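# Geometric and topological summary
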Amino acid sequence: MLIKDKIAVVTGASGGLGMAISKTLAEHGARIVAMDLNAEKVAQACAELEKAGAKGVVGIVADVSSAASVADAFAALKAKTGKLDILVNNAGVREIKNALDLEPAEWDRVIATNLSGPFYCTREAGRMMRDAGAGGTIVNIASVAGLTAISHRPAYSAAKHGLVGLTKNLARDLAPFSIRVNAVAPGLVRTPLTESYFQDEGFYQGLRENVPFYSRGGGQDVANAVLYLVSPLADFVNGITLPVDGGWLAEKGYASANATNFYSADRST
Ligand SMILES: NC(=O)c1ccc[n+]([C@@H]2O[C@H](COP(=O)([O-])OP(=O)(O)OC[C@H]3O[C@@H](n4cnc5c(N)ncnc54)[C@H](O)[C@@H]3O)[C@@H](O)[C@H]2O)c1
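Quantities reported herein were computed from a predicted structural model and do not represent experimental measurements.

## Quick word on the overall build of the protein chain
Along the backbone of the protein chain there are ten helices and seven strands. C-alpha extents for the protein chain along the principal axes are approximately 50 × 40 × 35 Å. Within the protein chain, the fraction of its 269 residues that count as buried is 45%. In the protein chain, of all internal contacts separated by at least 6 residues, the share reaching a separation of at least 24 is 73%.

## Considering the sheet that holds strand β1 (residues 7–11)
Reading across from one edge, β3-β2-β1-β4-β5-β6-β7 is the order of the seven strands in this open sheet, with parallel pairing throughout. Two strands bound the open sheet, and with one partner strand each, they are β3 (58–61) and β7 (241–244). Neighbour-to-neighbour, the strand axes of this sheet turn through a mean angle of 20 degrees, independent of strand direction. Two elements, strand β6 (residues 179–186) and β7, share four bridges in a ladder whose sense is parallel. Within β7, the residue paired with Val-184 across the bridge is Leu-242. Running at roughly 180 degrees to strand β4 (residues 86–89), helix α4 (residues 104–132) makes contact with β1, β4, β5 (136–141) and β6 of the sheet. Against the sheet, helix α8 (residues 219–230) engages β4, β5, β6 and β7, with an angle of about 165 degrees to β6.

## Examining the site of the ligand
Near the ligand there are 28 residues, and of these Gly-12, Gly-15, Gly-92, Thr-191 and Leu-193 occur at the shortest range. No other element matches helix α1 (residues 16–27), which puts three residues into the shell around the ligand. Split by residue class, the shell around the ligand holds twelve nonpolar, 13 polar and three charged.

## What about the packing of α4 against helix α5 (residues 154–174)?
For the pair α4 and α5, the least separation of the axes is 9 Å and the interaxial angle reads 15 degrees. Viewed along their axes, α4 and α5 adopt a mutual orientation that is roughly parallel. Crossing of α4 over α5 shows right-handed handedness. Counted together, Glu-106, Trp-107, Val-110, Ile-111, Asn-114, Leu-115, Pro-118, Phe-119, Thr-122 and Gly-126 of α4 and Ala-155, Tyr-156, Ala-158, Ala-159, Lys-160, Gly-162, Leu-163, Leu-166, Leu-170 and Leu-174 of α5 form the full contact between these two elements.

## What about the environment of Gly-12?
On the secondary structure map, Gly-12 appears in the loop between β1 and α1. Residue classification places Gly-12 among the buried residues on the basis of 29 C-beta atoms within 10 Å. For Gly-12 and Gly-206, which are 194 residues apart along the polypeptide, the C-alpha to C-alpha distance reads 29 Å. Those residues in contact with Gly-12, other than ones at most four positions away along the chain, are Gly-18, Asp-36, Asn-90, Ala-91 and Gly-92.

## What about the nonpolar core?
One finds Ala-8, Val-9, Ala-34, Val-88, Val-184 and Val-226 to be the most contacted residues of the largest nonpolar core, which totals 72 residues. Not counting residues within four places of it along the chain, the set of residues in contact with Ala-34 comprises Val-10, Ala-13, Ser-22, Val-42, Ala-45, Cys-46, Leu-49, Val-57 and Gly-59.

## Details of the pairing of β6
When you tally the buried positions in β6, you get eight out of eight residues, the bulk of the element. Burial along β6 is two-sided: the residues Ile-179, Val-181, Ala-183 and Ala-185 and Arg-180, Asn-182, Val-184 and Pro-186 are all buried. Both β5 and β6 contribute to a ladder of six bridges, which runs parallel. The partner of Asn-140 across the bridge, within β6, is Ala-183. On the question of chirality, the crossover connecting β5 to the parallel β6 by way of α5 is right-handed.

## Some details on α5
Compared with an ideal rise of 1.5 Å per residue, which puts 21 residues at 30 Å, α5 spans 29 Å between its outermost C-alpha atoms and is within 8% of the ideal. Looking at α5, one finds that the buried residues are Pro-154, Ala-155, Tyr-156, Ser-157, Ala-159, Lys-160, Leu-163, Leu-166, Thr-167, Leu-170 and Leu-174. Tucked into the core, α5 has its buried residues touching α4, β5, β6 and β7.

## Describing the environment of Ile-240
Tracing the backbone shows Ile-240 in the loop between α8 and β7. With 18 C-beta atoms packed within 10 Å, Ile-240 lands in the partly exposed category. Residues Ile-240 and Asn-182, 58 residues apart in the sequence, show an inter-C-alpha distance of 5.1 Å.

Cut-offs applied
Residues numbered from 1 in each chain as written. Predicted model: local features only at pLDDT ≥ 70, side-chain atom pairs only at ≥ 80, totals over all residues. Helix = DSSP H or I, 4+ residues; strand = E, 2+ residues; numbered from the N terminus. Buried ≥ 20, exposed ≤ 12 C-beta atoms within 10 Å, placed from the backbone. Contact = placed C-beta atoms within 7 Å. Pairing = 2+ DSSP bridges. Axes fitted to C-alpha atoms, helices over the stretch in contact; angles between N-to-C directions. Near = placed C-beta within 6 Å. Nonpolar A, V, L, I, M, F, W, Y, C, P; charged D, E, K, R; others polar. Parallel < 35°, antiparallel > 145°, perpendicular 65-115°, else oblique. Left-handed = near helix turned anticlockwise from the far one by under 90°. Core = buried A, V, L, I, M, F, W, Y, C linked by C-beta atoms within 7 Å. Right-handed = clockwise from strand over helix to strand, strands pointing away. Expected span 1.5 Å × (residues − 1).

Here's what the structure looks like:
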């Protein structure tokens, strides 16, 4: 088992990628601390993980966009487990609007959740890891939108680009405490966040035609990349952002998607 008995916090654990990541880390020996926005989501995540055979799952409510909520959550974690080895900053939200139409409150929500959230969680988790003196690993779930522009996602793109930069900074700042920090940049994966794309057969067809290996990709591929980065197999890997996109970016960037549908500002999700 690659990460036997490691305690792993996953934020946004009840969502599509959060659940895939949590199940995979649990299968490889970790004890999962499922964090999510409210008690219902946390209970749902814990139940699904237990059904999948995960042992010793802990659920904690945390709104990652609030520094106070995150501090409370990690204090609760400390009381329950006493230690922490792995943090996956996965929780995320998105607004799809032209930059000129985006409201400041919408901008704030996306930046607070997708960029400030990983900072708040890393600050708390990193302190716990530093104080325990046993090192640790952190993975931020960025996006291909953190490596290239995607129209009509100004706050999301800015937050994910920021997260890629934050990953590099954290990799240096936390290295003295033997804490590695990396990011994964998924391409488009079918989850509640992206379900609307898949209702559009034209768009889906465009993806399959233009993204090398697209039809093979899914949440499990993202989870496998996270597993690698948190495991000892990646002991010399620090500060990278690993795209898991089937080669989409390597080929032509997002221009290869079905532009009419993907770039539409009419999408609400
Ligand atoms: N699905 C994709 O194609 C894709 C692609 C690239 C990047 N990502 C990134 O992967 C991550 C997970 O996305 P997903 O597709 O699984 O989405 P999802 O909507 O299925 O899950 C997101 C989870 O985050 C939680 N969350 C939202 N706001 C929160 C907050 N303030 N505090 C705590 N939890 C909160 C939600 O409750 C939910 O459980 C996100 O960071 C997203 O940007 C997804």
